[in-house]
Amino acid sequence: MAPVVLQLIPSLGPLLVGMLVLLLAIVTVYQMVEIVDAYEKKALTVFGEYRRLLEPGITFIPPFVSRTYAFDMRTQTLDVPRQEAITRDNSPVTADAVVYIKVMDARKAFLEVDNYKMAVSNLAQTTLRAVLGDMELDDTLNKRQEINARIRKELDEPTDEWGVRVESVEVREVNPSKDVQQAMEQQTSAERRRRAMILEAQGERRSAVETAQGEKQSNIIRAQGEKQSQILEAQGDAISTVLRAKSAESMGERAIIDKGMETLERIGQGESTTFVLPQELTSLVGRYGKQLSGSDVQDQQGLSSLEFDDETRELIGLDDIEEILGQIDEAAEMDIEELEQEAEAIKSGAGTDIKSADEVVQEADRGADFTGEESETETETE
């Protein structure tokens, strides 16, 4: 067997060498080709010396003596672990945050800092504790945007030297201790009760104001109604007074007419057969006819008053009453003038001694008895 193996070795030597050369070529090509993704950059070192940054795409580098370090150029998120701090008013709080960073200079991130992510995270933790310790408890709970801005400002300067930019910082939670939380809950409950009492008192006050205003309006309306009632009652009394006065005047006129008629009756009982009746007696007879059918003032309805408003005057017809009274006065004046004119005509035309109607009425009022001889007046017929 040994002589056979020794005979095969010389024949396998060239094949083995070829395979080794091929394998070495493959490894060399693999080492020379470097593929960089579109969202990253790579730092190239040759024999440990920094040479350059590899841009996205295919790049050929020296094989076997080169090394590359990849840097993600996208915005990256770093979770800041929960931190405990004591505020300026000695209240313990816990808080955590999220930091958004982006590599702006891969060379600085490679040469200036060992691990930029860890460095930024540790710096954010210490900065968060410092910011919370410099604020009061109420401010840490209410001024979240101010905390974010202060942390970002504190991180900007050192991270710029590392080629990293802090885009934003967001504090997710700030929680006080359990004792402080219980005290805050009690304070919140007390504040809510206080607000409820204030709202209830305001509601009662508003209700009282509305009630008072309603009573005020009701009293005003009631007073106006009483005023209108008193006005109408007074107007009714005034109208009744006028009607009674006119009725009394009518009764007095009727008495005068009755006396005149009695005088005529006595004149008619005389022996003379020729009589001259003055116009005044004819007017008295006409008035007597009116007295038989009813008083000529029976249609009067009210009393004029300028102190009433237009609505009340229209309601009870005061303007109509004033017009009626004016017509009655005009009619009375016309009757008196006609009587006087007729009496003068009779006296001047007949030339006899005839008593006027006014004298007859005056004598009737005094209760004088007219005899047939004294009352008869004989004249020659025309």
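Residues numbered from 1 in each chain as written. Predicted model: local features only at pLDDT ≥ 70, side-chain atom pairs only at ≥ 80, totals over all residues. Heavy atoms only, no water.

Counting 34 residues, the largest nonpolar core has Val99, Ile101, Tyr116, Leu128 and Ile151 as the members making the most contacts within it. Sorting the residues of this core by element identifies strand 6 (76-86), strand 7 (92-103), helix 2 (106-111), helix 3 (116-133), helix 5 (144-161) and strand 8 (164-176) as the ones contributing at least two each. Among the elements that make up this core, the one with the highest residue count is helix 3 (7 residues). Non-local contacts of Tyr116, meaning those with residues more than four positions away in its chain, are made with Phe71, Asp72, Gln76, Ile101, Val103, Ala109 and Val164. Judged by nonpolar contacts, the second largest core, of 5 residues, contains Val36, Leu44, Leu54 and Ile61. (Core = buried A, V, L, I, M, F, W, Y, C linked by side-chain atoms within 4.5 Å. Buried < 20%, exposed > 50% of the residue type's maximum accessible area, 1.4 Å probe, protein only. Helix = DSSP H or I, 4+ residues; strand = E, 2+ residues; numbered from the N terminus. Contact = heavy atoms within 4.5 Å.)

Attention now moves to the pattern of salt bridges. Scanning the entire structure with this criterion turns up 12 salt bridges. For Glu34, the salt bridge goes to Lys42, with nearest N and O atoms at 2.7 Å. A salt bridge links Arg82 to Asp96, with the nearest nitrogen and oxygen atoms 3.9 Å apart. On the criterion of sequence distance, the pair formed by Arg82 in strand 6 and Asp96 in strand 7 is long-range, its members being 14 residues apart. (Salt bridge = Lys/Arg side-chain N within 4 Å of Asp/Glu carboxyl O.)

In this section: helix 3. The end-to-end C-alpha separation of helix 3 is 26 Å, in line with the 26 Å expected for 18 residues at 1.5 Å each. Considered for burial, the residues of helix 3 that qualify are Tyr116, Ala119, Val120, Ser121, Ala124, Gln125, Thr127, Leu128, Val131 and Leu132. (Expected span 1.5 Å × (residues − 1).)

On the basis of which strands lie adjacent, the open sheet formed by 3 strands has the order 6-7-8 and antiparallel pairing. Of all strands in the sheet, those bounded by a partner on one side alone are strand 6 and strand 8. Each strand of the sheet is rotated relative to its neighbour by a mean of 20°, with strand direction disregarded. Here strand 7 runs beside strand 8; their pairing, made up of 11 bridges, is antiparallel. Note on strand 8: the bridge partner recorded for Val98 is Glu170. On the sheet, helix 3 packs against strand 6, strand 7 and strand 8 and is oriented at approximately 35° with respect to strand 6. Contacts between helix 5 and the sheet are confined to strand 7 and strand 8, with strand 8 contributing the most and set at about 145° to the helix. (Pairing = 2+ DSSP bridges. Axes fitted to C-alpha atoms, helices over the stretch in contact; angles between N-to-C directions.)

With that settled, the discussion passes to the packing of aromatic side chains. Applying the stated criterion across every chain, the model contains 4 aromatic pairs. Between the aromatic rings of Tyr50 and Phe110, the centroid separation amounts to 6.0 Å while the plane-to-plane angle is 35°, which identifies the pairing as tilted. With Tyr50 in strand 3 (residues 49-54) and Phe110 in helix 2, this pair connects stretches of sequence that are 60 residues apart. You can call Tyr50 partly exposed: its relative accessible area is 21%. (Phe/Tyr/Trp six-rings, centres within 6.5 Å; stacked < 30°, edge-to-face > 60°.)

This brings us to the environment of Ile86. Here Ile86 lies in strand 6. Assessed through its relative accessible area of 55%, Ile86 is described here as exposed. Considering only alpha carbons, one finds Ile86 and Leu132, 46 residues apart in sequence, at a separation of 7.1 Å. If we ignore the near neighbours within four places in the chain, the residues touching Ile86 are Ser91, Pro92, Leu132 and Gly133.

This next bit is on the packing of helix 3 against helix 5. At a minimum axis separation of 9 Å, helix 3 and helix 5 run at an interaxial angle of 140°. Here helix 3 lies oblique to helix 5, going by the angle between them. You can see that helix 3 and helix 5 cross each other, and the crossing is right-handed. Contact with helix 3, carried on its side by Val120, Leu123, Ala124, Thr127, Leu128, Val131 and Leu132, involves Ile147, Arg150, Ile151, Glu154, Leu155, Pro158 and Thr159 of helix 5 and no other residues of that element. Broken down by class, the residue content of the contact of helix 3 with helix 5 amounts to 10 nonpolar, 2 polar and 2 charged. (Parallel < 35°, antiparallel > 145°, perpendicular 65-115°, else oblique. Left-handed = near helix turned anticlockwise from the far one by under 90°. Nonpolar A, V, L, I, M, F, W, Y, C, P; charged D, E, K, R; others polar.)

For the rest of this paragraph, the subject is helix 5. The first and last C-alpha atoms of helix 5 sit 27 Å apart over 18 residues, in line with the 26 Å expected at 1.5 Å per residue. Buried within helix 5 are the following residues: Ile147, Asn148, Ile151, Leu155 and Thr159. Looking at the buried side of helix 5, the elements it contacts are strand 7, helix 3, helix 4 (137-142) and strand 8. Following helix 5 by one or two positions, Gly163 adopts a phi angle in the positive range, close to 75°.

Let us look at a nonpolar patch on the surface. The grouping of Leu23, Leu24, Val27 and Phe64 at the surface amounts to a nonpolar patch, some 380 Å² of accessible area in total. For Val27, the position within the fold is in helix 1 (residues 2-32). (Patch = residues over 30% accessible without salt bridge, like charges linked within 9 Å, V, L, I, M, F, W, Y side chains within 5 Å. Areas by Shrake-Rupley, 256 points an atom, 1.4 Å probe, with all protein chains shown as cover.)

Secondary-structure assignment places Glu170 in strand 8. Each C-alpha atom, one on Glu170 and one on Ile147, is 8.6 Å from the other, the two residues being 23 residues apart in sequence. Glu170 has contacts with Asp96, Ala97, Val98, Tyr100 and Asn148, leaving out every residue within four places of it along the chain. At a separation of 3.5 Å, a polar atom in the side chain of Glu170 contacts the side chain of Asn148. (Polar contact = N/O pair within 3.5 Å; in protein donor to acceptor, adjacent residues only side chain to side chain.)

Reading fine detail from the predicted coordinates is not recommended where pLDDT is low. This prediction gives the chain a mean pLDDT of 75; 60% of its residues lie at or above 70. Of all helices and strands in the chain, the one with the weakest mean pLDDT is helix 11 (residues 372-375) (39), whereas strand 7 scores best (94). Considering only residues more than four positions removed or in separate chains, one finds that residues 350-357, a stretch of pLDDT under 50, has 12 contacts. Within the model, the stretch residues 367-382 combines pLDDT values under 50 with 27 contacts to residues more than four positions away or in other chains. (pLDDT = per-residue confidence, 0-100.)

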